[in-house]
Amino acid sequence: MVYKRKTEEERQKEVEELAGLLEDGVLNASIDPERFKALLEMAAIFPKYSFRNVALIHSQMPKATYVASFKKFRELDRNVIKGQKAIRILAPRISKVKNDETGQEEKKIIGFLSVPVFDFSQTEGKPLPIEQYRLKLDGNSDAAVNIIEAVKDIAQQDECRFSFSYVPGTTSGYYSPSDHRIVVSDSLSVNHKAKTSVHELVHSRVHRKNNETKEEQESVAEGAAFIVCSYFGLDTSSYSFEYIRGWSKEPESILKYCEQIHEVASSLISEFETYFEMHGSLDKDLAIA
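Rules behind the numbers
- Residues numbered from 1 in each chain as written.
- Predicted model: local features only at pLDDT ≥ 70, side-chain atom pairs only at ≥ 80, totals over all residues.
- Heavy atoms only, no water.
- Pairing = 2+ DSSP bridges.
- Helix = DSSP H or I, 4+ residues; strand = E, 2+ residues; numbered from the N terminus.
- Axes fitted to C-alpha atoms, helices over the stretch in contact; angles between N-to-C directions.
- Contact = heavy atoms within 4.5 Å.
- Buried < 20%, exposed > 50% of the residue type's maximum accessible area, 1.4 Å probe, protein only.
- Phe/Tyr/Trp six-rings, centres within 6.5 Å; stacked < 30°, edge-to-face > 60°.
- 1 Å grid on protein atoms, 1.4 Å probe; cavity = no way out; pocket = protein on both sides within 12 Å on 5 of 7 lines; lining within 4 Å.
- Points joined across faces, edges and corners; volume = space filled by probe spheres on them.
- Nonpolar A, V, L, I, M, F, W, Y, C, P; charged D, E, K, R; others polar.
- Expected span 1.5 Å × (residues − 1).
- Arc of directions from axis to C-beta.

How should the sheet that holds strand 7 (residues 173-176) be read in this particular structure?
Within a sheet, adjacent strands bond to each other through the backbone by hydrogen bonds, running parallel or antiparallel. Pairing is mixed across the open sheet formed by 3 strands, whose spatial order is 6-8-7. Every other strand in the sheet has two partners, leaving strand 6 (161-165) and strand 7 as the edge strands with one partner each. Within the sheet, the average angular offset between the axes of one strand and its neighbour, ignoring direction, is 15°. Here strand 7 runs beside strand 8 (residues 181-185); their pairing, made up of 4 bridges, is antiparallel. Counted as the bridge partner of Gly-173 is Val-184 from strand 8. Contacting strand 6, strand 7 and strand 8, helix 6 (residues 190-206) runs over the sheet at an angle of about 160° to strand 8.

For this particular structure, what's the right way to read helix 8 (residues 237-247)?
For an α-helix, the turn length of 3.6 residues means that residues three or four places apart are oriented alike. Of all the residues in helix 8, the buried ones are Ser-237, Tyr-239, Ser-240, Phe-241, Glu-242, Tyr-243 and Ile-244. Here the buried face of helix 8 lies against helix 1 (8-28), helix 2 (33-45), helix 6 and helix 7 (214-231).

So what exactly am I meant to see when it comes to the packing of aromatic side chains here?
Aromatic ring pairs are reported here in terms of the distance separating the ring centres and the angle at which the planes meet. The tally for this structure, following the rule as stated, stands at 11 aromatic pairs. With 5.2 Å between their ring centres and 55° between their planes, Phe-226 and Phe-241 make a pair best called tilted. Of the two residues, Phe-226 is situated in helix 7 and Phe-241 in helix 8; the sequence distance between them amounts to 15 residues. The pair formed by Phe-226 and Phe-241 is uniform in burial state, with each residue classed as buried. Ring centres 5.4 Å apart and planes at 75° place the aromatic pair Tyr-275 and Phe-276 in the edge-to-face group. As far as the burial class goes, Tyr-275 and Phe-276 line up, both buried. Ring pairs connect the aromatic residues Tyr-231, Phe-232, Phe-272, Tyr-275 and Phe-276, which therefore count as one cluster.

Got a minute to help me understand empty space enclosed by the protein in this structure?
All chains considered together, the criterion is met by 1 cavity of 30 Å³ or more. Lining the largest cavity are Pro-62, Lys-63, Tyr-175, Pro-177, His-203, His-207, Asn-210, Lys-214 and Gln-217. Considered class by class, the residues forming the lining of the largest cavity number 3 nonpolar, 4 polar and 2 charged.

Please explain the environment of Glu-131 as it appears in this structure.
Relative to the assigned elements, Glu-131 resides in the loop between strand 5 (123-125) and helix 5 (142-157). Along the backbone, Glu-131 and Thr-170 are 39 residues apart, and their C-alpha atoms lie at a distance of 6.1 Å.

Which parts of the structure should I look at to understand the side chain of Ser-197?
One can find Ser-197 in helix 6. The residues touching Ser-197, leaving out its near neighbours within four places in the chain, are Ile-148, Val-151, Phe-162, Phe-164 and Val-184.

Teacher, can you tell me more about helix 2 here?
Taking 1.5 Å per residue, 13 residues should reach 18 Å; helix 2 reaches 19 Å between its end C-alpha atoms and fits that length. Taken together, the buried positions of helix 2 are occupied by Arg-35, Ala-38 and Met-42. Each buried residue of helix 2 lies within a common arc of 60° when the element is viewed along its axis, so the set occupies one face. Opposite the buried face of helix 2, at more than 90 degrees from it, the exposed residues are Pro-33 and Ala-44.

Looking at this structure, how should I read the sheet that holds strand 4 (residues 105-119)?
Spatial ordering of the open sheet is given by 1-4-3, a layout of 3 strands whose pairing is antiparallel. The sheet is open, and its two borders are formed by strand 1 (67-68) and strand 3 (87-98), each paired with just one other strand. Looking at chain direction, strand 1 and strand 4 are connected through 2 bridges and run antiparallel. Paired with Ala-68 across the bridge in strand 4 is Phe-118. Packing against the sheet, helix 3 (residues 51-60) makes contact with strand 1, strand 3 and strand 4, and its axis sits at approximately 150° to strand 3.

Could you clarify how one ought to interpret the layout of surface pockets in this entry?
Rolled over the atoms, a probe as big as a water molecule pinpoints where empty space is left. A volume near 1,200 Å³ is recorded for the largest pocket. Lining the largest pocket are 38 residues, with Leu-39, Ala-64, Thr-65, Tyr-66 and Trp-247 sitting closest to its centre. If you list the elements that add at least two residues to the lining of the largest pocket, you get helix 2, helix 3, helix 6, helix 7 and helix 8. Broken down by element, the lining of the largest pocket gets its largest block of residues, 5 residues, from helix 2. The residue makeup of the lining of the largest pocket, split by class, is 19 nonpolar, 9 polar and 10 charged. Quantified by volume, the second largest pocket comes out at close to 680 Å³. What lines the second largest pocket is a set of 26 residues, among which Gln-60, Met-61, Pro-62, Tyr-174 and Ser-176 lie closest to the centre.

Structure below.
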């Protein structure tokens, strides 16, 4: 059967209802205690960086989360994966200088050096606390299969490469602005692949220049993915609510991005409907034809 597009009024009404469900879900979501514990352990393990170095890190690797030196990872019984490109940050160059007044030698910063560091997703070895806890979206639904096919087609029309491949660490996927490419982990369930595919598709459309904060990028991408997937029969609430809550500085942060999430989701839904009209699907549940 051919997919029947909803009217503009019907679509907007459903998107508004899903946006309201998203707001309520995020505001009332609670972080799993085990995940919270893992996050605290990760924060204690990894070094803190200055605002300037944080900016440098994210300009080179927007998805970076936990960064440390080669030596630090060796101490954690992990090795940098062959072929990984180092992230360059600035470290103070310190020298002993004699104080003319006291005659004592004092340590003084005389400049800065560029030093290499790596994100934990670029390493492998002994599991880290966060790797022992991972948000998962289980299941292999027909709706998810159709959503994935739609994402592939929509990305291709935008000349954005899309593939399933190995993704290191706990990352489910990523969008690379430098070469306009989406990669989704091939180890995920079909439902999780579908949700992540839409999430990264949003990044490819909205966050190519990486001018937004990580909170905004992840909240908008996951919020829009929840609405789009739910609209076409795939409920991702068990994953999306906690994911957004985890990226938010405070639960109410989601309210700042609701209008943008609504606009992005509505635009993508229209493109998805065009795809399904052209290629066909059985009904609202999107069983495979």
